[in-house]
Amino acid sequence: MDELDTALLTLLQEDAKQTNKELARRLHIAQSTCLERVRDLSRRGIVRGHHVDVDLKKIGRPVQAMVAVRLRPPDRAVIESFRAFVTGLPEVLSVFVMSGSDDFLLHIAVADNDELSGFVLDKLTQRKEIVDVRTSVIFDHFRRTVVTPGFSDGGSTPR
């Protein structure tokens, strides 16, 4: 990652719908250079896709929660089976496989508290490998939309 890659990555995260022409103009580079750099970011797996940010309230899922789950036995087969199960549930927005006291942290969004309760009691706790579930309701959620690369020398040279 050099400075141009970092600048492209920042602009794409701000608005992935920008045309190649607009990106090139904003960075003062040739359109062909811009296109090749964007394609290279994708080939290298740095850019993995283009996503739409959805307002959960406006689509009827205003209640968000983090659900911490502990499994037993904590072996690979149990963890992979549970991961496959929860990633298929429509309420689940994100799945974090964790170390420490919890094995999973699930970010979910549902219509109301009854649906939240039903998700935990009817879907999760029915699984025999679950030994503990803790649910925390999210009052507000802020997400960083632009992520800059890490720096190998403490500040000036991208990795």
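Calculation rules
- Residues numbered from 1 in each chain as written.
- Predicted model: local features only at pLDDT ≥ 70, side-chain atom pairs only at ≥ 80, totals over all residues.
- Heavy atoms only, no water.
- Helix = DSSP H or I, 4+ residues; strand = E, 2+ residues; numbered from the N terminus.
- Buried < 20%, exposed > 50% of the residue type's maximum accessible area, 1.4 Å probe, protein only.
- Contact = heavy atoms within 4.5 Å.
- Areas by Shrake-Rupley, 256 points an atom, 1.4 Å probe, with all protein chains shown as cover.
- Lys, Arg positive; Asp, Glu negative; His and termini not counted.
- Charge placed at Lys NZ, Arg CZ, Asp CG, Glu CD.
- Expected span 1.5 Å × (residues − 1).
- Arc of directions from axis to C-beta.
- Polar contact = N/O pair within 3.5 Å; in protein donor to acceptor, adjacent residues only side chain to side chain.

Each helix and strand in the protein was counted, giving five helices and four strands. Listing every helix and strand of the protein by position from the N terminus yields α-α-α-β-α-β-β-α-β. Seen through its C-alpha atoms, the protein measures out along the principal axes to roughly 60 × 35 × 25 Å. The proportion of buried residues among the 159 residues of the protein is 30%. When contacts within the protein are restricted to residue pairs at least 6 apart in sequence, those whose partners lie at least 24 apart make up 62%. Of the roughly 10400 Å² of accessible surface on the protein, a fraction of 51% belongs to carbon and sulfur atoms. One finds the centroid of the 23 positive side-chain charges in the protein at a distance of 3 Å from the centroid of its 23 negative side-chain charges.

A few words now on helix α5 (residues 113-124). Along an α-helix, residues three or four positions apart point the same way, because every turn accommodates 3.6 residues. Look at α5: 15 Å from first C-alpha to last across twelve residues, which is about the 16 Å you get at 1.5 Å a residue. Residues Leu116, Phe119, Val120 and Leu124 constitute the buried set of α5. Looking down the long axis of α5, one finds its buried residues gathered within 85 degrees of arc, a one-sided arrangement. Within α5, the exposed residues directed more than 90 degrees away from the buried face are Asp114 and Asp122. Those residues of α5 hidden inside the fold are in contact with β1 (63-71), α4 (76-87), β2 (92-97), β3 (104-110) and β4 (130-138). Two to three positions downstream of the cap, the backbone nitrogen of Asp114 sits 3.2 Å from a side-chain oxygen, assigning the N-cap of α5 to Asp112.

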